[in-house]
Amino acid sequence: MEEEKKSPKHVAIIMDGNGRWAKERGLPRLKGHEQGIEALRRTVRATIDLKLEILTVFGFSTENWNRPTREVNGLMRLAKYFMKTDVDELHRAGVRLRVIGNRDGIDPKLRHMIDEAEKLTADNRQLTFVVAFNYGCRQEIARAVRRIAEKVAKGLFDPKTISAEMVQQHLYIADLPDPDLIIRTGGEIRLSNFLLWQSAYAELIFLDTLWPDFDRNILQQAIEEFQRRDRRFGCVKA
Ligand code: FPP
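Residues numbered from 1 in each chain as written. Predicted model: local features only at pLDDT ≥ 70, side-chain atom pairs only at ≥ 80, totals over all residues. Heavy atoms only, no water.

Asks: Explanation requested: the side chain of T62 in the structure shown.
Replies: Along the chain, the position of T62 falls in the loop between β2 (54-61) and α3 (69-92). Reaching out from T62, the side chain makes a polar contact with the side chain of Q139 at a distance of 3.3 Å. With near-sequence residues (within four places) excluded, T62 lies in contact with N134, Y135, G136, Q139 and N193. (Helix = DSSP H or I, 4+ residues; strand = E, 2+ residues; numbered from the N terminus. Polar contact = N/O pair within 3.5 Å; in protein donor to acceptor, adjacent residues only side chain to side chain. Contact = heavy atoms within 4.5 Å.)

Asks: Can you walk me through the sheet that holds strand β3 (residues 95-100) in this structure?
Replies: Within a beta sheet, neighbouring strands are joined by backbone hydrogen bonds and run either parallel or antiparallel to one another. With parallel pairing, six strands are arranged side by side in an open sheet as β3-β4-β2-β1-β5-β6. On the outer flanks of this sheet lie β3 and β6 (203-206), each paired with one strand and no other. The average angle at which neighbouring strand axes cross in this sheet is 20 degrees, direction not considered. Running over the sheet, helix α2 (residues 29-49) touches β1 (10-14), β2, β3 and β4 (127-135) and is turned about 145 degrees from β4. (Pairing = 2+ DSSP bridges. Axes fitted to C-alpha atoms, helices over the stretch in contact; angles between N-to-C directions.)

Asks: I tried to follow the site of the ligand on my own but got confused; where do I start?
Replies: The local shell around the ligand holds 17 residues, among which D16, G19, R20, R29 and R67 are the closest. Here an oxygen atom of the ligand sits 3.0 Å away from a polar atom, N or O, in the main chain of G19. R20 places a polar main-chain atom, nitrogen or oxygen, 2.7 Å from an oxygen atom of the ligand. Within the complex, 91% of the 620 Å² of free accessible area of the ligand lies under protein. Contributions of two or more residues to the shell around the ligand are made by α1 (18-24) and α2. Along the lines of polarity and charge, the residues of the shell around the ligand split into six nonpolar, seven polar and four charged. (Near = heavy atom within 4 Å. Areas by Shrake-Rupley, 256 points an atom, 1.4 Å probe, with all protein chains shown as cover. Nonpolar A, V, L, I, M, F, W, Y, C, P; charged D, E, K, R; others polar.)

Asks: What is the right way to read a nonpolar patch on the surface from this model?
Replies: On the surface, a nonpolar cluster with roughly 270 Å² of combined accessible area is contributed by I189, L204 and F206. Considering the arrangement of structural elements, one finds F206 in strand β6. Among the residues examined, F206 registers a relative accessible area of 31% and is labelled partly exposed. (Patch = residues over 30% accessible without salt bridge, like charges linked within 9 Å, V, L, I, M, F, W, Y side chains within 5 Å. Salt bridge = Lys/Arg side-chain N within 4 Å of Asp/Glu carboxyl O. Buried < 20%, exposed > 50% of the residue type's maximum accessible area, 1.4 Å probe, protein only.)

Asks: Got a minute to help me understand the packing of aromatic side chains in this structure?
Replies: The geometry of an aromatic ring pair is captured by two quantities: the separation of the ring centres and the angle between the planes. Under the counting rule described, the total for this entry stands at eight aromatic pairs. On the numbers, 5.0 Å between centres and 75 degrees between planes, the contact of F60 with W65 is edge-to-face. On the accessibility criterion, F60 (0% relative accessible area) is buried. Ring centres 6.3 Å apart and planes at 85 degrees place the aromatic pair Y135 and F194 in the edge-to-face group. Within this pair, whereas Y135 is found in strand β4, its partner F194 is found in the loop between β5 (181-184) and β6, the two being separated by 59 residues in sequence. Taken individually, Y135 and F194 each receive the classification buried, so the pair is uniform in this respect. (Phe/Tyr/Trp six-rings, centres within 6.5 Å; stacked < 30°, edge-to-face > 60°.)

Asks: I keep staring at the pattern of salt bridges and nothing clicks. Help me out?
Replies: Two side chains bearing opposite charge may form a pair once their charged atoms approach each other closely. All chains considered together, the criterion is met by 18 salt bridges. When the shortest N-O distance is used, the salt bridge between R184 and D16 registers 3.0 Å. With R184 in strand β5 and D16 in the loop between β1 and α1, this pair connects stretches of sequence that are 168 residues apart. An identical accessibility class is assigned to R184 and D16; each is buried. Two residues, D107 and K80, come together in a salt bridge whose shortest N-O distance is 2.7 Å. Of this pair, D107 sits in the loop between β3 and α4 (108-121) while K80 sits in helix α3, placing them 27 residues apart in sequence. D107 gets classed as partly exposed once you look at its relative accessible area, which sits at 29%.

Asks: Please clarify how the nonpolar core should be interpreted in this entry.
Replies: Considering soluble globular proteins, one finds that nonpolar side chains tend to be buried as a cluster. Counting 44 residues, the largest nonpolar core has I13, F129, F133 and I183 as its most contacted members. Sort the elements by how many residues they give to this core and α3 lands first, with nine residues. Residues within four places of F133 in sequence aside, it is in contact with G59, F60, M76, A79, V99, I100, G101, N102, I106 and L110. Grouped together as the second largest cluster of nonpolar side chains are 16 residues, I14, I54, F58 and F194 included. (Core = buried A, V, L, I, M, F, W, Y, C linked by side-chain atoms within 4.5 Å.)

Here is the structure:
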């Protein structure tokens, strides 16, 4: 009998290629990011329809601050626009929004919008939508180590008891399962400091599609590719 095909519960996406999409059309890079928002909306709707439990996307990395000021400001404006125009609809659709990353570095107005959106949607369970914003996994791990060290310094526990589970518990999100599938669009084959810890056993799919062209069909094809993979988590089937 054929084994039932397992869908991923948690899909994470590195949304790459907005700039090139715009360049190919002779448009400013920000136009590519605007179309990236459209692709993101389509993807959230598709993940709800496909009954995935968690979608995590890389919205802005700690390294993205090094882009020209105009682009950084444009991305911040787009993030505010997204929070303003989309949160109510996400809430109505039963989406719980969570944002991971360093909030101290974000404009206070955007930070406030994020705090309010998280509060508003906290009890929703149709889909958990995690946006990594001002996020880098090395920074996330360093933060976890700092938090653990502070507890050790207070004498709360012996350093000998520090385990992988304990580190996991001190990451931004301790209560969600790791991603089963990580998709990167835009043709590059790397993780770029995204969910390095959490991707230990994730299946990775790299697509040439530029993010603004991403849609439900491409997501479905990636899920089918995931279902063809043999996930062993380091074990051998009996
Ligand atoms: C990568 O394209 C994409 C980003 C740096 C940002 C992703 C942002 C969005 C999809 C819109 C904003 C969404 C939220 C929720 C804030 P790139 O500029 O690196 O493209 P390139 O590699 O072709 O230059």
